[in-house]
Amino acid sequence: MASDVLADLSRFSRTPLLDAVTPIQRLHRLEQALASDAGDIRLFVKRDDLMGIGGGGNKLRKLEFLMGEALASGCDTFITTGGMQSNHARLSAAVAARAGLACELVLRPNVPREDEEYRRNGNILLDGLFGATIHELAGEADAAAFAAERASHLRRAGRRPYLAGTGGSTPIGCLGYAACAAEIVAQEAALEETFDRIVIPNGSSGTHAGLVAGFAAMAMDPRRVQSFAVLTPAEATRGKTHELAGATLALLQKDASIGLDAIDVAGEQLGTGYGMPTEAMFEAVHLMARTEGLLLDPVYGGKAFAGLLAALRAGAYRQGEAVLFLMTGGVAGLFAYRPAFERRA
């Protein structure tokens with residue numbers, strides 16, 4: 001089944017950006033630290049932070065297909081939108097540099113912070129290092145409209161721009177995580193393990209939608225994917241994920257459907273809003289760092305892992321289950337949140 005999905009994906013233009021299958025590792029020290037809560041629940045992590053280009057992260061899977069489409073259509077400029085500390089923007093800049101394309105990033109503040117660490121450190125520092133042209137908009141500006149007008153301007157000047165959606169979360173971009181679903185199934189066979197839950201953060205919904213579409217295409221239950229909303233409330237996130245998953249499955253041309261009840265999105269880790277720290281996030285980041293030496297970002301992975309910990313402590317996972325946490329990268333964001341971590345220390 002996994003090979004069938006991967007064969008279907010060969011119909012799409014794709015630029016290889018991953019050096020190898022990302023590893024799945026057992027979190028033995030974390031299990032020991034959580035022994036009173038976890039019992040015999042087995043905890044694993046899939047290291048999608050371990051990718052070579054631009055500091056790595058889940059957006060590279062989406063960019064394989066987005067950049068593939070851009071190059072196949074003869075584009076010379078890659079344009080995308082995001083927040084000031086967008087991981088997708090950083091990786092778009094890195095991938096464009098490697099492909100020899102110009103990159104323009106349309107960024108606006110979507111977190112109520114004005115300190116220099118947030119505005120000039122972390123991802124936005126790297127955007128400049130990768131050579132991207134950065135358009136900083138006011139918080140209330142329409143980034144999508146600005147990007148579309150910028151693309152029109154470049155076309156009038158004889159350029160050939162490619163316009164990617166926020167977070168790379170378009171049906172084409174989501175194919176990257178349909179491929180990841182097939183990758184996980186192949187790894188389960190190699191490890192002689194079945195993951196009962198796959199836990200992820202959900203911002204622009206593309207990672208969750210792609211995984212769900214991939215599992216549905218393989219006639220597997222997509223409800224084992226559990227995401228924690230970090231951008232918008234759970235119901236809005238669930239609706240967007242459902243829509244994207246359906247559109248991605250349609251690209252795969254599979255005789256299958258995905259019901260709204262197959263989309264498991266929890267909202268209790270969002271806190272006061274996108275990019276706003278929570279005590280649970282701080283605990284999760286510290287716990288992973290101090291037991292496994294692994295770094296979670298404060299916006300996505302930190303909140304999703306906090307959700308996993310809360311579910312574990314609430315008895316939401318049955319004894320004997322295997323839980324896989326998908327590390328989506330974004331470590332550069334930690335440096336933009338230095339003041340918040342120092343205040344809590």
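K.L.:
Describe the sheet that holds strand 2 (residues 42–47), listing the residues and the values that go with them.
P.N.:
Judged by pairing direction, the sheet is mixed, and its six strands sit side by side in the order 1-2-10-7-8-9 without closing on themselves. Strands with a single pairing partner mark the edges of an open sheet, and in this sheet they are strand 1 (24–26) and strand 9 (264–266). Recorded for the sheet is a direction-independent mean angle of 30° between the axes of neighbouring strands. Of the strand pairs in this sheet, strand 7 (residues 197–202) and strand 8 (residues 225–229) are connected by five bridges, and their pairing is parallel. Looking across to strand 8, one finds that Val199 is bridged to Gln226. On the sheet, helix 11 (residues 234–252) packs against strand 7, strand 8 and strand 9 and is oriented at approximately 155° with respect to strand 9.

K.L.:
Which residues make up the side chain of Thr77, and what values go with them?
P.N.:
Among the structural elements, Thr77 can be located in strand 3 (residues 77–83). Judged by its relative accessible area of 0%, Thr77 falls in the buried class. Polar side-chain contacts of Thr77 include one of 2.8 Å to the side chain of Arg159. Here Thr77 is in contact with Leu101, Ala102, Glu104, Leu154, Arg159, Arg160, Pro161 and Tyr162, once residues within four sequence places are set aside.

K.L.:
Describe the packing of aromatic side chains, with residues and values.
P.N.:
Tallying each qualifying case throughout the model produces six aromatic pairs. Between Phe44 and Phe195, the ring centres sit 5.2 Å apart and the planes meet at 70°, which makes this aromatic pair edge-to-face. Of the two residues, Phe44 is situated in strand 2 and Phe195 in the loop between helix 9 (171–191) and strand 7; the sequence distance between them amounts to 151 residues. Each member of the pair, Phe44 together with Phe195, is buried. For the pair Phe78 and Tyr162, a centre-to-centre distance of 5.6 Å together with 20° between the ring planes defines the contact as stacked. Of this pair, Phe78 sits in strand 3 while Tyr162 is found in strand 6 (residues 161–163), placing the two residues 84 residues apart along the sequence. Its end group placed over the ring of Tyr177, Arg61 keeps NZ or CZ at 5.5 Å from the ring centre. Sitting above the plane of the Tyr337 ring, Arg113 keeps its charged end 4.7 Å from the centroid.

K.L.:
Residue-level account of the nonpolar core, with values.
P.N.:
Formed by 109 residues in total, the largest nonpolar core has its most connected members in Leu60, Phe78, Leu211, Phe305 and Phe325. The biggest single contributor to this core is helix 9, with eleven residues. Setting aside residues up to four positions removed in sequence, Phe305 forms contacts with Leu30, Ala284, Met288, Leu296 and Phe325.

K.L.:
Go over the pairing of strand 4 (residues 102–108), please, and point to the residues and values.
P.N.:
With five of seven residues buried, strand 4 lies mostly within the body of the structure. As defined by bridge partners, strand 3 adjoins strand 4 across seven bridges and the pair is classed as parallel. Looking at the pairing, Thr77 lines up with Ala102 of strand 4. Running through helix 5 (residues 87–99), the crossover from strand 3 to the neighbouring parallel element strand 4 is right-handed. Relative to strand 5 (residues 133–136), strand 4 is paired through four bridges, and the arrangement is parallel.

K.L.:
Describe empty space enclosed by the protein, listing the residues and the values that go with them.
P.N.:
The tally for this structure, following the rule as stated, stands at three cavities of 30 Å³ or more. Volume-wise, the largest cavity comes out at about 150 Å³. Together, 19 residues line the largest cavity, and Asn58, Lys59, Thr207, Tyr300 and Thr328 are the ones closest to its centre. In terms of residue count, helix 5 provides more of the lining of the largest cavity than any other element does, three residues in total. The residue inventory of the lining of the largest cavity, partitioned by class, reads three nonpolar, 13 polar and three charged. Considering the residues around the second largest cavity, the lining is formed by 17 residues, among which Gln85, Asn87, Tyr274, Val299 and Tyr300 are closest to the centre.

K.L.:
Break down the packing of helix 4 (residues 59–72) against helix 9 for me, with residues and values.
P.N.:
Relative orientation and spacing of two packed helices are given, respectively, by the angle between their axes and the distance between those axes. Contact geometry of helix 4 with helix 9 gives a least axis separation of 6 Å together with a crossing angle of 135°. With respect to helix 9, the element helix 4 is oriented oblique. As for the relative orientation of helix 4 and helix 9, their crossing is right-handed in sense. The residues of helix 9 that touch helix 4, namely those facing Arg61, Lys62, Phe65, Leu66 and Glu69, are Ile172, Gly173, Leu175, Gly176, Tyr177, Cys180 and Glu183. For the contact of helix 4 with helix 9, the class distribution of residues is six nonpolar, two polar and four charged.

K.L.:
An account of the packing of helix 12 (residues 279–292) against helix 13 (residues 301–313) is needed here, citing residue identities and associated values.
P.N.:
Running from amino to carboxyl end, helix 12 crosses helix 13 at an angle of 90°, the nearest separation of the two axes being 8 Å. The angle between helix 12 and helix 13 falls in the class roughly perpendicular. The segment helix 12 lies against helix 13, with Ala280, Met281, Glu283, Ala284, Val285, Leu287 and Met288 engaging Gly302, Lys303, Phe305, Ala306, Leu309 and Arg313. Across the contact of helix 12 with helix 13, the residue classes break down as nine nonpolar, one polar and three charged.

K.L.:
Which residues make up the sheet that holds strand 6, and what values go with them?
P.N.:
In spatial order, the strands read 5-4-3-6; together these four strands make up an open sheet with parallel pairing. The two strands at the open ends of the sheet, each matched to only one other strand, are strand 5 and strand 6. Within this sheet the neighbouring strands show an average axis-to-axis angle of 25°, counted without direction. The strands touched by helix 4 are strand 3 and strand 6; relative to strand 3, the strand with the most contacts, the crossing angle is about 145°. Helix 5 contacts strand 3 and strand 4 of the sheet and is inclined by roughly 170° relative to strand 4.

How each quantity is defined
- Residues numbered from 1 in each chain as written.
- Predicted model: local features only at pLDDT ≥ 70, side-chain atom pairs only at ≥ 80, totals over all residues.
- Heavy atoms only, no water.
- Pairing = 2+ DSSP bridges.
- Helix = DSSP H or I, 4+ residues; strand = E, 2+ residues; numbered from the N terminus.
- Axes fitted to C-alpha atoms, helices over the stretch in contact; angles between N-to-C directions.
- Contact = heavy atoms within 4.5 Å.
- Buried < 20%, exposed > 50% of the residue type's maximum accessible area, 1.4 Å probe, protein only.
- Polar contact = N/O pair within 3.5 Å; in protein donor to acceptor, adjacent residues only side chain to side chain.
- Phe/Tyr/Trp six-rings, centres within 6.5 Å; stacked < 30°, edge-to-face > 60°.
- Lys NZ or Arg CZ within 6 Å of the ring centre and 35° of its normal.
- Core = buried A, V, L, I, M, F, W, Y, C linked by side-chain atoms within 4.5 Å.
- Right-handed = clockwise from strand over helix to strand, strands pointing away.
- 1 Å grid on protein atoms, 1.4 Å probe; cavity = no way out; pocket = protein on both sides within 12 Å on 5 of 7 lines; lining within 4 Å.
- Points joined across faces, edges and corners; volume = space filled by probe spheres on them.
- Nonpolar A, V, L, I, M, F, W, Y, C, P; charged D, E, K, R; others polar.
- Parallel < 35°, antiparallel > 145°, perpendicular 65-115°, else oblique.
- Left-handed = near helix turned anticlockwise from the far one by under 90°.

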